[in-house]
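Coordinates in review
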Amino acid sequence: MLDERELAIHPIVQESVQQNARTIANIRNLTASLFGVAAGTLGLESYPGFIFYLLGTLVVSVLILLLRAEGKPKAYFYSPVQNLLLGEVFGGLSSFVLTWTLFYGLVRA
Amino acid sequence: MALLSKALNAIGLLLLAHAVYSAHEHSALHAGAPSTSQAPSTTAALPLDITLETLTSVFLVCAGLVLGSPALRPIQWSEWAGEVEQEEGRQRQGRGKAGMKEGEGVGNPFRMLEERPGFVDVRAKRKEFADWVREGGSR
């Protein structure tokens, strides 16, 4: 009830929410394959590789927070933790694994 | 901003390509030479400089990508509407009625109300027409 009332007083622009989510997803997809290249080059295997990916996404989240959201995640995301920190992290996992294995095989032929 | 992001991307990708090539050469070198003690010697550890170069280049490209991405939009209706209004005002002062930049904004949801014939800026229209006549007279 409280939430509904809050939304009625401070309405949210749906288009902006979608646009922001799309921007975040775009950045995540591009950086995921980039991290795959790095992980393959460094020759990481099994768990360290996935930990590397998680650390990388954390760094990207911080970069977005500082450079794009100007340190005010509340103004740009409805639920900052869910959209900014966790948003699309697992969507990029497949492209990460793809480039990871590709570059691991290429470098250590 | 666009220039900075492009420069960061270019430098980062160049460094990344160099790092990957170095790592490849390193592993090729160690695969050819017979190892001293243990026979198979699972590819000697990557030198520190290649590791650092890889990490730095990835960070640079990430920063470039984030800087190059389109700006986020405020989700609070009040802030967003304020931005849209300011943008519209700036455009109207600049030159008559100019369309929003493509893909830049959603546009003013109240444009229909703002641009009713009664509210058309007649002087701007007249100036526009005069300019058009001056230009098109020769044609």
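It should be emphasised that the depicted structure is a prediction, and the values quoted were computed from it without experimental measurement.

Criteria and thresholds
Residues numbered from 1 in each chain as written. Chains lettered and ligands numbered in written order. Predicted model: local features only at pLDDT ≥ 70, side-chain atom pairs only at ≥ 80, totals over all residues. Heavy atoms only, no water. Helix = DSSP H or I, 4+ residues; strand = E, 2+ residues; numbered from the N terminus. Buried < 20%, exposed > 50% of the residue type's maximum accessible area, 1.4 Å probe, protein only. Contact = heavy atoms within 4.5 Å. Areas by Shrake-Rupley, 256 points an atom, 1.4 Å probe, with all protein chains shown as cover. Phe/Tyr/Trp six-rings, centres within 6.5 Å; stacked < 30°, edge-to-face > 60°. Polar contact = N/O pair within 3.5 Å; in protein donor to acceptor, adjacent residues only side chain to side chain. UniProt positions renumbered as here; feature names shortened; annotations may be inferred. Buried area = accessible area lost by both parts, 1.4 Å probe. Salt bridge = Lys/Arg side-chain N within 4 Å of Asp/Glu carboxyl O.

What follows is about the overall build of chain B. When you go through chain B residue by residue, the secondary structure sums to five helices and zero strands. Overall, chain B shows an N-to-C arrangement of helices and strands of α-α-α-α-α. Per-residue burial over chain B gives 27% buried out of 139 residues. A separation of at least 24 residues holds for 61% of the contacts in chain B among residues at least 6 apart in sequence. Accessible surface for chain B amounts to roughly 9,800 Å². Of this, 62% is attributable to carbon and sulfur atoms.

Residues and elements named next belong to chain A. All told, the structure shown has six aromatic pairs over all chains when counted by the stated rule. Seen from their ring centres, Phe96 and Trp100 are 5.2 Å apart, and the 35 degrees between their planes marks the pair as tilted. With Phe96 and Trp100 both in helix α6 (residues 93–107) and four residues apart, this pair spans about one turn of that helix. Feature note: the residues Phe50, Tyr53, Phe96 and Trp100 constitute an aromatic cluster, connected by ring pairs.

We now examine the side chain of Arg28 of chain A. Residue and element names in this part refer to chain A. As for its position among the elements, Arg28 is in helix α2 (residues 14–42). For Arg28, a relative accessible area of 2% puts it in the buried group. Only 3.5 Å separates the side chain of Arg28 from the backbone oxygen of Thr57, close enough to count as a polar contact.

Looking now at the UniProt feature "transmembrane region" (unreviewed entry) in chain A. All names here are of chain A. According to UniProt, the positions carrying the feature "transmembrane region" (unreviewed entry) are residues 50–69 and 89–107. Annotated as residues 50–69, this span is 95% helix and 0% strand, and its ends, taken at the C-alpha atoms, are 27 Å apart. A helix fraction of 79% and a strand fraction of 0% characterise residues 89–107, whose end C-alpha atoms lie 26 Å from each other.

Okay, the interface of chain B and chain A next. Listed by partner, the interface residues are 32 residues for chain B and 36 residues for chain A. For the pair chain B and chain A, the two sides together bury roughly 3,200 Å², of which 74% comes from carbon and sulfur. When the buried area of chain B at its contact with chain A is split by residue, Val66, Leu72 and Ile75 of chain B rank highest and sum to 26% of it. Summed over the shared surface of chain B and chain A, the number is zero salt bridges. Counting every contact that joins chain B to chain A gives one residue pair in polar contact (both at pLDDT 80 or more). Taken together, the elements giving at least two residues each to the side of chain B that touches chain A come down to α1 (2–32), α2 (48–68) and α3 (77–94) of chain B. Top element by residues in the side of chain B that touches chain A is α2 of chain B. It accounts for eleven residues.

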